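# Observations on chain architecture
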Amino acid sequence: MTTEVAEILEKIQQYIQQTPGSNNRNYSLNLTEWFSIREMDSDWESIVTAFDYGRAKGYRAARAEMKRKQQRRERSA
């Protein structure tokens, strides 16, 4: 691994760690999903699928958080 690649991967890890809610296991890839993606024929397609799936899970996590906040506001009003 080149130094440039290592630096990029480190930035990716920092970005993930600094993103609120990124450790919410309810919206993480589970083991069955992980192994299923690994079985895809194309490495590129598996990467794209994992990325798209992660983005969709992140979107759902954000929607769920907004819904929880809205419910808290309604209860306190």
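Structural data are supplied above this passage.
Scope of this entry: the structure provided in the associated data block. (Residues numbered from 1 in each chain as written. Predicted model: local features only at pLDDT ≥ 70, side-chain atom pairs only at ≥ 80, totals over all residues. Heavy atoms only, no water.)

When its secondary structure is counted, the chain shows three helices and zero strands. In the chain, the succession of α and β elements from N to C terminus is α-α-α. A globule of 77 residues ought to have a C-alpha radius of gyration of about 11 Å, yet the chain, at 17 Å, is considerably larger. Dimensions of the chain, computed from the C-alpha atoms along their principal axes, are close to 55 × 30 × 15 Å. For the chain, the accessible surface area stands at approximately 7,100 Å², while carbon and sulfur atoms represent 54% of it. Side chains of the chain give 13 positive and 11 negative charges; the mean places of these two sets differ by 15 Å. (Helix = DSSP H or I, 4+ residues; strand = E, 2+ residues; numbered from the N terminus. Rg over C-alpha atoms; globule rule 2.2 N^0.38 Å. Areas by Shrake-Rupley, 256 points an atom, 1.4 Å probe, with all protein chains shown as cover. Lys, Arg positive; Asp, Glu negative; His and termini not counted. Charge placed at Lys NZ, Arg CZ, Asp CG, Glu CD.)

Turning to the side chain of K57, a few remarks are in order. By secondary structure assignment, the location of K57 is in helix α3 (residues 43-76). Nearest to the buried, unbridged K57 among oppositely charged side chains is E33, at 4.1 Å. Setting aside residues no more than four positions away along its own chain, K57 makes contact with N26, Y27, S28 and E33. (Buried < 20%, exposed > 50% of the residue type's maximum accessible area, 1.4 Å probe, protein only. Salt bridge = Lys/Arg side-chain N within 4 Å of Asp/Glu carboxyl O. Contact = heavy atoms within 4.5 Å.)

Using the criterion set out here, one finds three salt bridges in the structure. Here E65 and R68 are joined by a salt bridge, their closest N and O atoms 2.8 Å apart. With E65 and R68 both in helix α3, this residue pair falls three residues apart, about one helical turn. On the basis of relative accessibility, which here comes to 35%, the residue R68 falls in the partly exposed class. The network of salt bridges with shared partners includes E65, R68 and R72.

Between its terminal C-alpha atoms α3 stretches 49 Å, which fits the 50 Å expected from 34 residues at 1.5 Å a residue. Buried within α3 we find S46, K57, A61 and A64. The secondary structure elements touched by the buried residues of α3 are α2 (31-38). The opening residue of α3, the one whose side-chain oxygen lies 3.4 Å from the backbone nitrogen of W44, is S42. (Expected span 1.5 Å × (residues − 1). Polar contact = N/O pair within 3.5 Å; in protein donor to acceptor, adjacent residues only side chain to side chain.)

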